[in-house]
Amino acid sequence: MSDQSTELRETVRRWYAAAAMKVTEGGTARCGPQPVEVDENFGSTLYASDERDALPAEAVAASLGCGNPTAVADLHEGERVLDLGSGGGIDVLLSARRVGPTGKAYGLDMTEEMLELALSNTRKAGATNVEFLKGTIEAIPLPAATIDVVISNCVINLSTDKTAVFAETFRVLTPGGRIGVSDVVADDDLTPRQRAERGDHVGCIAGALSFAEYREGLEAAGFVNVEITPTHPVADGMHSAIVRATKPRTEARTSPATGSADACCGVGACCTPAETSADPRVTVAEAKSASGCGCQT
């Protein structure tokens, strides 16, 4: 990680630690340049009143997100859910209620103060199917293929290595698992500099990907059925959006010769006069024979 990325992560950590302390002391946290009570683009106003009323006041006060991912993740009884950047625990606690006693909701956060607040809120809520983990969303401390649904609320935009976030999310999901994320996304014609002009990184604006970048990042990690739907503006050309995607139930077949799924049996342009071996060290016939595929003549 570069010095600049390390410094930016530490800035984010300090800001959210201060937000947690403010809530602990009886205040209200916020994300963005204005209090949530004023602009209503971030925070607890994005949740239904019955959801807010069912949770500890501190969990509601610490809500910093730009959406309500639990409302779009289509959670089912018995599922295992992971919230990336869980903060004070509002989405974890809501998820725990939806998946029921046979399911489990995990929260992951790098900020000690937020984790302490989340644990306190869990005790107040009486939730028993909840576990909070300390760590970063670029290196999720869970085994592969152990999570059914990954949610996140306006946190991925804060990461300085979104490629790692997408890869780690894909890794921990079970085959057929899915993501239901709320995040800030920029119009495709906005440059990174223009995004930074609309708000700082900690304010959930400057680090946002464009719609095309978000889609490309998820697809590069292996996700399919990517949907990115804007819900409301948070700045000029910047939107809160719902992001959905699925991990395929079966992995794409890779070539024994090259390790790439782009070649069929280690051969490009399969079964056509333009066939060439993907590995120059073997012939077309040898590549096909080794992999047992058709069109070997």
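This text goes with the structure placed above it.
Just so we're clear, the structure is a prediction, and the values are computed from it rather than from any experiment.

A. Broad picture of the pairing of strand β2 (residues 104-109). Counting buried positions along β2 yields 5 of 6 residues, so the element is predominantly enclosed. Two strands pair when backbone bridges link them, and strand β1 (residues 80-84) and β2 are joined in this way by 5 bridges, in the parallel orientation. Within β2, the residue paired with Arg80 across the bridge is Lys104. Note on the crossover from β1 through helix α5 (residues 90-99) to β2: the handedness is right-handed. Strand direction decides the pairing type here: β2 and strand β3 (residues 130-134), joined by 5 bridges, are parallel. If you follow Tyr106 over to β3, its bridge partner there is Glu131. As a crossover connection, the stretch from β2 through helix α6 (residues 112-125) into β3 is right-handed.

B. Quick peek at helix α9 (residues 211-221). Within the span of α9, buried status applies to Phe211, Tyr214 and Leu218. In an axial view of α9, the angular spread of the buried residues amounts to 70°, which keeps them on one side of the axis. When the buried face of α9 is taken as reference, the exposed residues oriented beyond 90 degrees from it are Glu216 and Ala220. Where α9 is buried, its residues touch α7 (162-172), β5 (173-186), β6 (209-210), β7 (224-235) and β8 (238-246). Of the residues flanking the end of α9, it is Gly222, one or two places downstream, whose phi is positive at about 115°.

C. Spatial organisation of empty space enclosed by the protein. Counted according to the given criterion, the structure contains 2 cavities of 30 Å³ or more. Taken as a whole, the second largest cavity holds about 40 Å³ of empty space. Every residue along the wall of the second largest cavity is listed here: Leu84, Val150, Ile156, Phe166, Thr169, Ile179, Val181, Tyr214 and Leu218. Breaking the lining of the second largest cavity down by element, the ones donating at least two residues are α7, β5 and α9. Residues belonging to the lining of the second largest cavity are distributed by class as follows: 8 nonpolar, 1 polar and no charged.

D. Looking closely at the pattern of salt bridges. In total, this model carries 8 salt bridges according to the counting rule given. In this structure, Asp148 and Arg80 form a salt bridge, with 3.1 Å as the shortest nitrogen-oxygen distance. Placement of Asp148 in strand β4 (residues 147-153) and of Arg80 in strand β1 is noted, with a sequence separation of 68 residues between them. For Arg80, a relative accessible area of 32% translates into the label partly exposed. The salt bridge partner of Glu213 is Arg195, with a shortest N-O separation of 3.0 Å. Residue Glu213 is found in helix α9, and its partner Arg195 is found in helix α8 (residues 192-197); the two are separated by 18 residues along the sequence. With relative accessibility at 31%, the residue Glu213 sits in the partly exposed group. With a relative accessible area of 5%, Arg195 lands in the buried category.

Reading the values: the criteria
- In this convention, every chain numbers its residues from 1, walking through the sequence in written order.
- Only residues with pLDDT of 70 or above have their local features reported here, since the model is predicted, and side-chain atom pairs are shown and tallied only from 80 upward, although totals for entire chains, interfaces and linings are computed over all residues.
- Only hydrogens and water are set aside when side-chain values are computed; all heavy atoms of the structure are taken into account.
- Type-normalised accessible area, obtained with a 1.4 Å probe on protein chains alone, sets the label of each residue: buried when under 20%, exposed when over 50%, and partly exposed for intermediate values.
- To qualify as a helix, a DSSP run of H or I must reach at least 4 residues; to qualify as a strand, a run of E must reach at least 2; elements of each kind are numbered from the N terminus.
- One bridge is not enough; two strands pair if DSSP finds at least two bridges between them.
- A right-handed crossover is one whose linking path, passing over the helix from the first strand to the second, runs clockwise when the strands point away from the viewer.
- Arc definition: it is the arc formed by the directions from the helix axis to the C-beta atoms.
- Every residue pair with non-hydrogen atoms within 4.5 Å of one another is taken to be in contact.
- Using a 1 Å grid laid over the protein atoms alone, points where a 1.4 Å probe fits but cannot get out form a cavity; open sets with protein on both sides within 12 Å along at least 5 of 7 lines form a pocket; any residue with an atom within 4 Å of a point counts as lining.
- Grid points are joined across faces, edges and corners, and a volume is the space filled by probe spheres set on the points.
- Asp, Glu, Lys and Arg are counted as charged, while Ala, Val, Leu, Ile, Met, Phe, Trp, Tyr, Cys and Pro are counted as nonpolar; the rest, among them Gly, fall into the polar class.
- The working definition used for a salt bridge is a side-chain nitrogen of Lys or Arg within 4 Å of a carboxyl oxygen of Asp or Glu.

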